[in-house]
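Chain by chain, the residues:
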Amino acid sequence: MGRLFDELNEALKEKDETSFTSHFNGAAKDKQRKVFRNLAKVPFSVARFQPLREAAAAGYEDVVFVHQIEGVDVVPVYEQYTWKLKFDYKSESPFSVSEVRESDTPWVGLDATYYPAPWDVYDDMTVVKQGHVVVVSDKKYARSTQRYAPYIFRAGDEDFSFWDEKGPADVSVTKGAMVILEPNRKIYNSFFSGRDENDSLEAGSTVSVPAYESKSRKRLQFGSRVIMDSSLSRFTSSTWRDGVQRISRHEIAHAMLAHFSPPATWLAEGFAEFMELRGNSSAARADASSLNGHSFRGLPPSGGEDFYSDDARERAGNYTLSRLAVQYMAEKYGDEKTLRFVALFYSDPANEEKLYATLFGLEEDNFWSQWASWVRAKNPGIGS
């Protein structure tokens, strides 16, 4: 059995399509030929298939694709499949694969198999890379992908440079992102989770993909994958350059911290919105003015379904109030303390209460009381 995986991985490393596909048969062979050609375009530093458990015989076996995109992933991550293995004692390489599909059961302790990735979905994948950002799409959207890519790359450079300059050196962030542009909402929703539901108000999503054999919950344990709906006005309107750059700054900000377990929703979305509008005072003012008449209790929005309301105006208000919480920190205490708060909250959410006293010299209640007064002073039309 080990020989099968050794030969597959050597063929992948050498970009030897004939050798790679020789280990598959039937419909699996045609499907994996497309997967191989897509994988060959991605700048992997690690790329290998291996059994999830020790595979001892023919039959259905869980297999993982362990991979690390160079300059993007800080650790190898994985995607889980089920392969149907056949045995032919007359063959020089007796094991072959006759079926490839998503696993029925995720690895113990995880919520998903992180299948499918773009290389499983697209017949022919476009890949554009610059610095630490890789942009992929279906090849039929290659022209638009090439048009959008420079603005996505610029957004990544801005986010990473800001953190390098102002962020705490003792808390690591991911310095890269893989961005998928997909205008078909059904395909968009399928990536990495196969979601059946459709959140029509969602313009982009960042998925945390787990590290393979992570040794510690406190260390880097996830990679990230950004999916953006390129059918929306951010990509298609006359102001698409600004729209693409803004949503890219937002989602790449999520990706920077995706290796930690998510903290409170207001911080996750507030930080991403802060990064999106940082340095764009006119857009920030316009965003804040949307709070006129918005119900405001003087506290950050609650999380979960309440935050991601089906009502577009309510959800937008939650995003804006969350951004204003981070903006308030930055204006009053400076960028360095703000990014340290963000980093420490992400890395150890249980210590949130201590952070206010340690970094801002206030009890948590006093911080939010002062913030609420600041919000009302800046937005006199806000509701109560």
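First things first, this report covers the structure right here in the doc.

## Here we look at the overall build of the chain
Phase 1 of the analysis: Along its length, the chain carries 15 helices and nine strands.
Phase 2 of the analysis: In terms of overall dimensions, the chain is globule-like: its C-alpha atoms have a radius of gyration of 23 Å, near the 21 Å expected for 384 residues.
Phase 3 of the analysis: Along the three orthogonal principal directions, the C-alpha set of the chain runs to about 80 × 45 × 35 Å.
Phase 4 of the analysis: When the 384 residues of the chain are sorted by exposure, 53% land in the buried category.
Phase 5 of the analysis: Contacts spanning at least 24 positions in sequence make up 64% of the contacts within the chain whose residues lie at least 6 apart.

## As for the packing of helix α9 (residues 265-277) against helix α12 (residues 312-333)
Phase 1 of the analysis: Between α9 and α12, the shortest axis-to-axis distance is 7 Å and the interhelical angle comes to 70°. With respect to α12, the axis of α9 lies roughly perpendicular. Contacts from Trp266, Glu269, Gly270, Phe271, Glu273, Phe274 and Leu277 of α9 reach α12 at Tyr319, Ser322, Arg323, Ala325, Val326, Gln327, Met329 and Ala330.
Phase 2 of the analysis: Its residues assigned to classes, the contact of α9 with α12 shows nine nonpolar, three polar and three charged.

## Section: the pattern of salt bridges
Phase 1 of the analysis: Applying the stated criterion across every chain, the model contains 20 salt bridges.
Phase 2 of the analysis: The closest approach of N and O atoms between Lys139 and Asp124, which form a salt bridge, is 3.5 Å. Note that Lys139 is positioned in the loop between β6 (133-138) and α5 (142-166) and Asp124 in the loop between α4 (118-121) and β5 (125-130), a separation of 15 residues in sequence.
Phase 3 of the analysis: According to the relative accessible area criterion, Lys139 is partly exposed, its value standing at 48%.
Phase 4 of the analysis: Residue classification places Asp124 among the partly exposed residues on the basis of a relative accessible area of 28%.
Phase 5 of the analysis: A salt bridge links Lys175 to Asp164; the shortest N-O distance between them is 2.6 Å. Remark: Asp164 occurs in helix α5 and Lys175 occurs in the loop between α5 and β7 (177-181); sequence separation between them is 11 residues.
Phase 6 of the analysis: According to the relative accessible area criterion, Asp164 is exposed, its value standing at 51%.
Phase 7 of the analysis: Taken together, the shared-partner salt bridges connect Glu17, Asp30, Arg33 and Arg37 into one network.

## Some details on the sheet that holds strand β3 (residues 77-87)
Phase 1 of the analysis: In space, the four strands of this open sheet follow the order β1-β2-β3-β4, with antiparallel pairing throughout. The two strands at the open ends of the sheet, each matched to only one other strand, are β1 (44-51) and β4 (95-102). Adjacent strand axes in the sheet meet at a mean angle of 30° when their direction is disregarded.
Phase 2 of the analysis: Judged from the seven bridges that link them, β3 and β4 form a sheet pairing that is antiparallel. What sits directly across from Leu85, in β4, is Val97.
Phase 3 of the analysis: Lying on the sheet, helix α1 (residues 2-14) is in contact with β1, β2 (59-69), β3 and β4; it crosses β1 at an angle near 160°.

## Digging into the packing of α5 against helix α13 (residues 335-347)
Phase 1 of the analysis: Where α5 meets α13, the closest approach of the two axes is 9 Å, and the angle between their N-to-C directions is 105°. The orientation of α5 with respect to α13, classified from their angle, is roughly perpendicular. Together, Phe162, Trp163 and Lys166 of α5 and Asp335, Glu336, Leu339 and Ala343 of α13 make up the contact between the two elements.
Phase 2 of the analysis: Looking at the contact of α5 with α13, its residues break down into four nonpolar, no polar and three charged.

## Focus: the packing of aromatic side chains
Phase 1 of the analysis: Applying the stated criterion across every chain, the model contains 42 aromatic pairs.
Phase 2 of the analysis: When the ring centre of Tyr188 is taken as reference, the NZ or CZ atom of Arg185 above it lies at 4.2 Å.
Phase 3 of the analysis: Above the plane of the ring of Phe162 lies Arg278, whose end atom (NZ or CZ) is 4.0 Å from the centre.

## Some points on the sheet that holds strand β8 (residues 204-210)
Strand-to-strand pairing in sheets goes through backbone hydrogen bonds, with the strands running parallel or antiparallel.
Phase 1 of the analysis: On the basis of which strands lie adjacent, the open sheet formed by five strands has the order β5-β6-β7-β9-β8 and mixed pairing. With partners counted over all chains shown, the strands left at the sheet margins are β5 and β8, one partner each. Averaged over all pairs of adjacent strands, the angle between strand axes in this sheet comes to 20°, irrespective of strand direction.
Phase 2 of the analysis: Where β7 lies against strand β9 (residues 222-228), four bridges are found, and the strand directions are parallel. Bridging from a neighbouring strand, Ile180 pairs with Ile227 of β9.

## Observations regarding the side chain of Ser190
Phase 1 of the analysis: Mapped onto the fold, Ser190 is located in helix α6 (residues 185-190).
Phase 2 of the analysis: In this structure Ser190 comes out as buried when scored by relative accessible area, which is 18%.
Phase 3 of the analysis: At a separation of 2.7 Å, a polar atom in the side chain of Ser190 contacts the main-chain carbonyl oxygen of Ile187.

## Some details on the nonpolar core
Side chains that are nonpolar tend, in soluble globular proteins, to be buried together.
Phase 1 of the analysis: Core analysis: the biggest nonpolar cluster contains 64 residues, and Ile152, Val179, Trp266, Phe341, Phe367 and Trp371 have the highest contact counts within it.
Phase 2 of the analysis: Residues Phe49, Ile69, Leu85 and Val207 belong to the second largest nonpolar core, which totals 48 residues.

## So, the environment of Gly176
Phase 1 of the analysis: Counting through the fold element by element, Gly176 comes out in the loop between α5 and β7.
Phase 2 of the analysis: The class for Gly176 is buried, based on a relative accessible area of 1%.
Phase 3 of the analysis: Gly176 sits 47 residues away from Gly223 along the chain, and the two C-alpha atoms are 9.3 Å apart.
Phase 4 of the analysis: Contacts of Gly176, omitting those with residues within four sequence positions, involve Gly71, Val72, His132, Phe160 and Ser224.

## Brief notes about a negative patch on the surface
Phase 1 of the analysis: Taken together, the side chains of Glu305, Asp306, Asp310, Asp311 and Glu314 make up a negatively charged region of the molecular surface.
Phase 2 of the analysis: Overall, the relative accessible area of 33% leaves Glu314 in the partly exposed class.

Cut-off values and rules
Residues numbered from 1 in each chain as written. Predicted model: local features only at pLDDT ≥ 70, side-chain atom pairs only at ≥ 80, totals over all residues. Heavy atoms only, no water. Helix = DSSP H or I, 4+ residues; strand = E, 2+ residues; numbered from the N terminus. Rg over C-alpha atoms; globule rule 2.2 N^0.38 Å. Buried < 20%, exposed > 50% of the residue type's maximum accessible area, 1.4 Å probe, protein only. Contact = heavy atoms within 4.5 Å. Axes fitted to C-alpha atoms, helices over the stretch in contact; angles between N-to-C directions. Parallel < 35°, antiparallel > 145°, perpendicular 65-115°, else oblique. Nonpolar A, V, L, I, M, F, W, Y, C, P; charged D, E, K, R; others polar. Salt bridge = Lys/Arg side-chain N within 4 Å of Asp/Glu carboxyl O. Pairing = 2+ DSSP bridges. Phe/Tyr/Trp six-rings, centres within 6.5 Å; stacked < 30°, edge-to-face > 60°. Lys NZ or Arg CZ within 6 Å of the ring centre and 35° of its normal. Polar contact = N/O pair within 3.5 Å; in protein donor to acceptor, adjacent residues only side chain to side chain. Core = buried A, V, L, I, M, F, W, Y, C linked by side-chain atoms within 4.5 Å. Patch = residues over 30% accessible without salt bridge, like charges linked within 9 Å, V, L, I, M, F, W, Y side chains within 5 Å. Areas by Shrake-Rupley, 256 points an atom, 1.4 Å probe, with all protein chains shown as cover. Lys, Arg positive; Asp, Glu negative; His and termini not counted. Charge placed at Lys NZ, Arg CZ, Asp CG, Glu CD.

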